[in-house]
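Architecture at a glance
Residues per chain, in single letters:
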Amino acid sequence: KAVVSTQSTGMSANDAGSTAGPSTNTDIKPRRTSRSIKRKKFDDEVVESSLPTRLIPVERSRRVKRTPAPKHVTLSHTKWGAKDDLKLILAVQQCSDLALVHKCVKFSQKLTYQEIEERWYQLLYIPDVSGPATAAIASLTQEEKTAIERKTLWSSKEEAILQQVEASSQPKLEFFVSLLHQHPLVFHPARTPRDLMIQWERLKQYSLLADQTVQPLNLGDSVLNFSDVEEQLTDEELLAEQPDPVLQNELRKIDRRHKIEIRKLEDEIRQWHTMVGGPDNGPFSFDLDNETYAALRGRLVRYLMRSKEITLGRTTPTHQVDVDFSLEGPAWKISLKQGIIKYHGGEFFLWNFGKRPIYIDGHPVIQGCHSKLHHHCVMEICSLKFIFIINKTLAEGKSNDKV
C-alpha cells in the first residue's frame, strides 16, 4: 500500500522515506518534474480544451543591439568642384580667415558663409569627403592648378613686403624679380614678378604703401548737407527716374484697346460704303457701256461681264477663266474653276463649283449650290471682296432673252 500511494502521488520511495524522519543535507535531492510550464495563451494559440495538446516551450528571442547608421553629409557635393576646393584650400592657407575668403574669393557659383564653413570642416574631419576631393584636385592639369594658384589671396606678410617699396621709386620689373628671390619663403611659389608688380600698383592706387598718407577731407562751405540736396530735388525728376510698371502696363492696354476700336470703325466704314453707296455717287459710281451686263468691282481690279455667262477662278498656263481672282490679291486657296455667273430672264445667278464657300452679303453659298445676285451686293471669297454692279439699262432691255 505504501508503494501504491507513492506512485499515485508521483513521488519516489526515497521521497516517501524522507518525509518519515529527519535527513541530512547530503540525502536531499532536487525535485524535478516532467510537466510543462503553464503560460498565458495568445489568440492564435487557443485550441479546443477537449483535444489533447502538448505545450512546447517557446524560446525567447535575444535582442540584438543595432549600431546607429552613420550620418550622411547634408551639403550637396554638386556645388563643389575640384577647382572650388582648391581655391578654398589655398585661400585659407594664405589668410586663415573664412570670412575674408567668403568676401574675396570668387567661386563657380554664389555660396554663403555657412556653406563655405561647412565645406572646410568636411575637408578637415570627414574622410569620405576629403578623399574624393583630394583625388579630384590631383586630376586637374598643371595649367589649371597654376592659374588658380596665381589668383589666390595675398597674405599679410606678402603685402607687408610690398608696402615697404616706396611709391616715388617707380620700380621696374627687374626690381620685383630680385625681391622675389630675396623672400622665396614668404611669397607663394606660383607668384611671378609681374604679379608682384600689379599688386604693388594696386596698393599704390589705394594709398596703402608705407610712405603714402591719406589726405583728410576739406570741409568747407561748398559741402552741401542733406537738407540742401533735398530742396534741389523735384517730384518730376523722381517720377522720371522710377516709372511705375503697373501704370505703364495699364496705359499700354488702353492704347491697344483704342487702336482695335479704330480698326473696327474703319472696317465698318468700308462695309457701309459698299452696301449703301449708290450707282450715281460714292466710290463705286462709274458708267457701263451698252455691251456690259454687269461688273465686279474689287479693291484693285474691275471685271466686266460682257457675256451672259462668265467663269470665276484662277488662270494658269493650262487653264483660262474670265475672272482671274489672282489679279486682286492672294488667291492660292481658290479653285481653278470656282464658279460661274449667269444672266437669265433679267436676273443674275451665281453657281459655286469650288471647295471654298462664296459669301453673298454674309450668306454662304457652298459647293454645288447657287444664289441670286442683286445690285450692289457684296461677294466675298477667301478674304477677297467684290461689289456686283448691274447695268440696269441693258438688263431691262434684254429681260426676255434666254440663256
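Our structure's up above, just so we're on the same page.
Because the structure is predicted, anything quoted here is derived from the model rather than measured. (Residues numbered from 1 in each chain as written. Predicted model: local features only at pLDDT ≥ 70, side-chain atom pairs only at ≥ 80, totals over all residues. Heavy atoms only, no water.)

This part covers the environment of Y293. Inspection of the secondary structure puts Y293 in the loop between α13 (245-276) and β1 (294-297). Separated by 16 residues in sequence, Y293 and E309 have C-alpha atoms that sit 10.0 Å apart. (Helix = DSSP H or I, 4+ residues; strand = E, 2+ residues; numbered from the N terminus.)

Glancing now at the sheet that holds strand β2 (residues 302-305). Taken together, six strands build an open sheet; the order of strands is β2-β1-β11-β10-β7-β8 and the sheet is antiparallel. Among the strands making up the open sheet, the edge pair consists of β2 and β8 (363-365). Each adjacent strand pair in this sheet contributes to an overall mean axis angle of 25°, direction not counted. (Pairing = 2+ DSSP bridges. Axes fitted to C-alpha atoms, helices over the stretch in contact; angles between N-to-C directions.)

It is worth spelling out the sheet that holds strand β6 (residues 347-352) at this point. Taken together, five strands build an open sheet; the order of strands is β4-β3-β5-β6-β9 and the sheet is mixed. Taken across any chain shown, the strands that pair with only one partner, and hence form the sheet edges, are β4 (323-324) and β9 (370-373). With six bridges connecting them, strand β5 (residues 337-344) and β6 associate as antiparallel partners. When the sheet's bridge partners are listed, H344 is paired in β6 with E347.

Counting buried positions along strand β10 (residues 377-381) gives four out of five residues, so the element sits mostly inside the fold. Two strands pair when backbone bridges link them, and strand β7 (residues 358-360) and β10 are joined in this way by two bridges, in the antiparallel orientation. Looking across to β10, one finds that Y359 is bridged to E380. Relative to strand β11 (residues 384-390), β10 runs antiparallel, the two being bridged by five bridges. Note on β11: the bridge partner recorded for E380 is K385. (Buried < 20%, exposed > 50% of the residue type's maximum accessible area, 1.4 Å probe, protein only.)

Between its terminal C-alpha atoms helix α6 (residues 127-138) stretches 16 Å, which fits the 16 Å expected from 12 residues at 1.5 Å a residue. Residues V129, S130, A133 and I137 constitute the buried set of α6. Buried residues in α6, looked at end-on, bunch into an arc of 90°, giving them a common side. Those residues of α6 that are exposed and aimed more than 90 degrees away from the buried face are P127, D128, P132 and A138. On the buried face of α6, the contacting elements are α3 (82-95), α5 (113-125) and α7 (142-150). (Expected span 1.5 Å × (residues − 1). Arc of directions from axis to C-beta. Contact = heavy atoms within 4.5 Å.)

What follows concerns the packing of aromatic side chains. Within the structure shown, the criterion is met by 10 aromatic pairs. Between Y293 and Y343, the aromatic rings sit 5.2 Å apart at their centres with planes inclined by 45°, giving tilted as the arrangement. One end of the pair, Y293, is in the loop between α13 and β1; the other, Y343, is in strand β5, with 50 residues separating them in the sequence. For Y293, a relative accessible area of 7% corresponds to the buried category. Given a relative accessible area of 1%, Y343 falls into the buried group. Seen in terms of ring centroids, F325 and F386 are 5.2 Å apart; in terms of plane orientation they differ by 40°. Their pairing is tilted. Linking F325 in the loop between β4 and β5 with F386 in strand β11, this pair joins segments that are 61 residues apart in sequence. Judged on exposure class, the residue F325 and its partner F386 are both buried. An aromatic cluster is present here, built from Y293, Y343, F348 and F388 joined pairwise through their rings. (Phe/Tyr/Trp six-rings, centres within 6.5 Å; stacked < 30°, edge-to-face > 60°.)

This next bit is on the pattern of salt bridges. Taken as a whole and judged by the stated rule, the model has six salt bridges. Here D85 makes a salt bridge to R119, at a shortest N to O gap of 2.8 Å. Of this pair, D85 sits in helix α3 while R119 sits in helix α5, and the two are 34 residues apart along the sequence. When sorted by exposure, D85 lands in the same class as R119, which is buried. Where K372 meets E347, a salt bridge forms, and the shortest distance between an N and an O atom there is 2.9 Å. Of this pair, K372 sits in strand β9 while E347 is found in strand β6, placing the two residues 25 residues apart along the sequence. Among the residues examined, K372 registers a relative accessible area of 44% and is labelled partly exposed. (Salt bridge = Lys/Arg side-chain N within 4 Å of Asp/Glu carboxyl O.)

Attention shifts here to unusual backbone geometry. Of note in this structure, Q170 is not a glycine but carries a positive phi near 50°. For Q170, a relative accessible area of 48% corresponds to the partly exposed category. One non-glycine residue, C382, adopts positive backbone phi at about 50°. Tracing the chain through its elements places C382 in the loop between β10 and β11. The exposure class of C382 is partly exposed, given its relative accessible area of 26%.

Okay, helix α8 (residues 156-163) next. Listed as buried for α8 are E158, I161 and L162. Seen from one end, α8 has its buried residues packed into an arc of 95°, which puts them on one side. Set apart from the buried face of α8 by more than 90 degrees, the exposed residues are S156 and K157. Packed against the buried residues of α8 are α3, α9 (173-182) and α10 (193-205).

Nothing here speaks to function; it is all geometry.
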